[in-house]
Amino acid sequence: DGGITQSPKYLFRKEGQNVTLSCEQNLNHDAMYWYRQDPGQGLRLIYYSQIVNDFQKGDIAEGYSVSREKKESFPLTVTSAQKNPTAFYLCASGGTGLQPQHFGDGTRLSIL
Amino acid sequence: EDKVVQSPLSLVVHEGDTVTLNCSYEVTNFRSLLWYKQEKKAPTFLFMLTSSGIEKKSGRLSSILDKKELFSILNITATQTGDSAIYLCAPYNTDKLIFGTGTRLQVFP
């Protein structure tokens, strides 16, 4: 089944801890994206990658880091520098301006 | 700065009603505009619009784009409770989607 898999579905972070959210796709897409969604708000772009070993900051990259070592995988690390990490995180792939992006089911991150 | 404004923010209707959701945008390097439906989890793709004045239709849903006036509308006729969701409008700036805050639609029986 082709698609985007995000894990875990729920994640709890302690103060001062880094956590990593996983995103894997088997759609053979070059481009992958990470978004953050807060209640009552739209999706805000954190980081995106259009090719392996390359990525760009989005609008709210501070306190986050990513890597893109494989085409299929684009993990997001929420660092301790992100002071307000509680949100719903969505990963997407595809989308070249004339193709839609497809989304995973998201990871809900909360502070302990 | 890129801007996307959706209205209304929230809408409550009864089954069978027709609704119109609005999206206005100011985006540099516009390529296309997408509509998504989001229930509890992943947004699901509804329409991609690239040309003005050409209506896209899927069942009870339809959408149209006006590139001169910089807006798009999404129409849902004969609404059902399963249409309850957040509807997101997102134009492409080159290869990045710029999302509006969404319209929350609630359909009651």
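Look a little higher up for the structure.
Draft legend 1. Layout of the sheet that holds strand 1 (residues 3-7) of chain B. All names here are of chain B. Read across the sheet, 5 strands follow the order 1-3-8-7-6 without closing on themselves; strand pairing throughout is antiparallel. On the outer flanks of this sheet lie strand 1 and strand 6 (56-58), each paired with one strand and no other. Each strand of the sheet is rotated relative to its neighbour by a mean of 15 degrees, with strand direction disregarded. The sheet contact formed by strand 6 and strand 7 (residues 61-66) spans 3 bridges and is antiparallel. Following the sheet pairing, serine 58 is matched in strand 7 by leucine 61.

Draft legend 2. Representation of a nonpolar patch on the surface in the model. Where nonpolar side chains cluster on the molecular surface, the patch consists of Tyr10, Phe12 and Leu112 of chain A and spans about 400 Å² of accessible area. Secondary-structure assignment places tyrosine 10 of chain A in strand 2 (residues 10-13).

Draft legend 3. Just the packing of aromatic side chains, in detail. Taken as a whole and judged by the stated rule, the model has 11 aromatic pairs over all chains. Between the aromatic rings of phenylalanine 103 of chain A and phenylalanine 99 of chain B, the centroid separation amounts to 6.2 Å while the plane-to-plane angle is 70 degrees, which identifies the pairing as edge-to-face. Of this pair, phenylalanine 103 of chain A sits in strand 10 (residues 101-103) while phenylalanine 99 of chain B sits in the loop between strand 10 (96-97) and strand 11 (103-108), placing the two residues on different chains. Under the relative-accessibility criterion, phenylalanine 103 of chain A is labelled buried at 9%. Summarising the aromatic geometry, the rings of tyrosine 36 of chain B and phenylalanine 45 of chain B are spaced 6.0 Å apart at their centres and angled 70 degrees between planes, so their arrangement reads as edge-to-face. Aromatic rings pair up to connect Tyr33, Tyr35, Tyr48 and Phe103 of chain A together with Tyr36, Phe45 and Phe99 of chain B into one cluster. Above the plane of the ring of phenylalanine 74 of chain A lies arginine 68 of chain A, whose end atom (NZ or CZ) is 5.9 Å from the centre. Over the face of the ring belonging to phenylalanine 88 of chain A we find arginine 108 of chain A, whose NZ or CZ atom lies 4.4 Å from the ring centre.

Draft legend 4. Molecular detail of the nonpolar core. Leu33, Trp35, Tyr87 and Leu105 of chain B are the most contacted members of the largest nonpolar core, which totals 21 residues. The leading source of residues in this core is strand 3 (residues 19-26) of chain B, at 4 residues. Once residues within four sequence positions are removed from consideration, leucine 105 of chain B is found in contact with Leu11, Val13, Val19, Ile76, Asp83, Ser84, Ala85 and Tyr87 of chain B. Of all hydrophobic cores here, the second largest spans 20 residues; its members include Ala92 of chain A together with Leu34, Leu88 and Tyr92 of chain B.

Draft legend 5. Expanded view of the interface of chain A and chain B. Chain A puts 23 residues into the contact, and the matching count from chain B is 21 residues. Roughly 1,700 Å² is buried in total at the junction of chain A and chain B, and carbon and sulfur atoms are behind 57% of that figure. The tally of links from chain A across to chain B stands at 1 salt bridge. Where the side of chain A that touches chain B is concerned, the elements lending two or more residues are strand 4 (32-37), strand 5 (43-51), strand 9 (87-94) and strand 10 of chain A. No other element matches strand 5 of chain A, which puts 4 residues into the side of chain A that touches chain B.

Draft legend 6. The environment of lysine 56 of chain B, seen in detail. Residue and element names in this part refer to chain B. Within the element layout of this structure, lysine 56 appears in strand 6. Take lysine 56: its relative accessible area is 36%, and that puts it in the partly exposed class. C-alpha of lysine 56 to C-alpha of leucine 74: the two residues are 18 residues apart in sequence and 9.6 Å apart in space. Setting aside chain neighbours within four positions, we find lysine 56 in contact with Phe47, Met48, Leu49, Leu61, Ser62 and Ser63. Side-chain polar atoms of lysine 56 contact the backbone oxygen of methionine 48, separated by 2.8 Å.

Draft legend 7. Examining the state of the cysteines more closely. All names here are of chain B. Tallied over the entire structure, the rule returns 2 disulfides over all chains. With a sulfur-sulfur separation of 1.8 Å, cysteine 23 is cross-linked through a disulfide to cysteine 89. On the S-S bond that ties cysteine 23 to cysteine 89, the torsion sits near -55 degrees, and the link is left-handed. Of the two residues, cysteine 23 is situated in strand 3 and cysteine 89 in strand 9 (residues 85-93); the sequence distance between them amounts to 66 residues. Judged by relative accessible area, which is 1%, cysteine 23 ranks as buried. On the accessibility criterion, cysteine 89 (0% relative accessible area) is buried.

How each quantity is defined
Residues numbered from 1 in each chain as written. Chains lettered and ligands numbered in written order. Predicted model: local features only at pLDDT ≥ 70, side-chain atom pairs only at ≥ 80, totals over all residues. Heavy atoms only, no water. Pairing = 2+ DSSP bridges. Helix = DSSP H or I, 4+ residues; strand = E, 2+ residues; numbered from the N terminus. Axes fitted to C-alpha atoms, helices over the stretch in contact; angles between N-to-C directions. Patch = residues over 30% accessible without salt bridge, like charges linked within 9 Å, V, L, I, M, F, W, Y side chains within 5 Å. Areas by Shrake-Rupley, 256 points an atom, 1.4 Å probe, with all protein chains shown as cover. Salt bridge = Lys/Arg side-chain N within 4 Å of Asp/Glu carboxyl O. Phe/Tyr/Trp six-rings, centres within 6.5 Å; stacked < 30°, edge-to-face > 60°. Buried < 20%, exposed > 50% of the residue type's maximum accessible area, 1.4 Å probe, protein only. Lys NZ or Arg CZ within 6 Å of the ring centre and 35° of its normal. Core = buried A, V, L, I, M, F, W, Y, C linked by side-chain atoms within 4.5 Å. Contact = heavy atoms within 4.5 Å. Buried area = accessible area lost by both parts, 1.4 Å probe. Polar contact = N/O pair within 3.5 Å; in protein donor to acceptor, adjacent residues only side chain to side chain. Disulfide = S-S within 2.5 Å.

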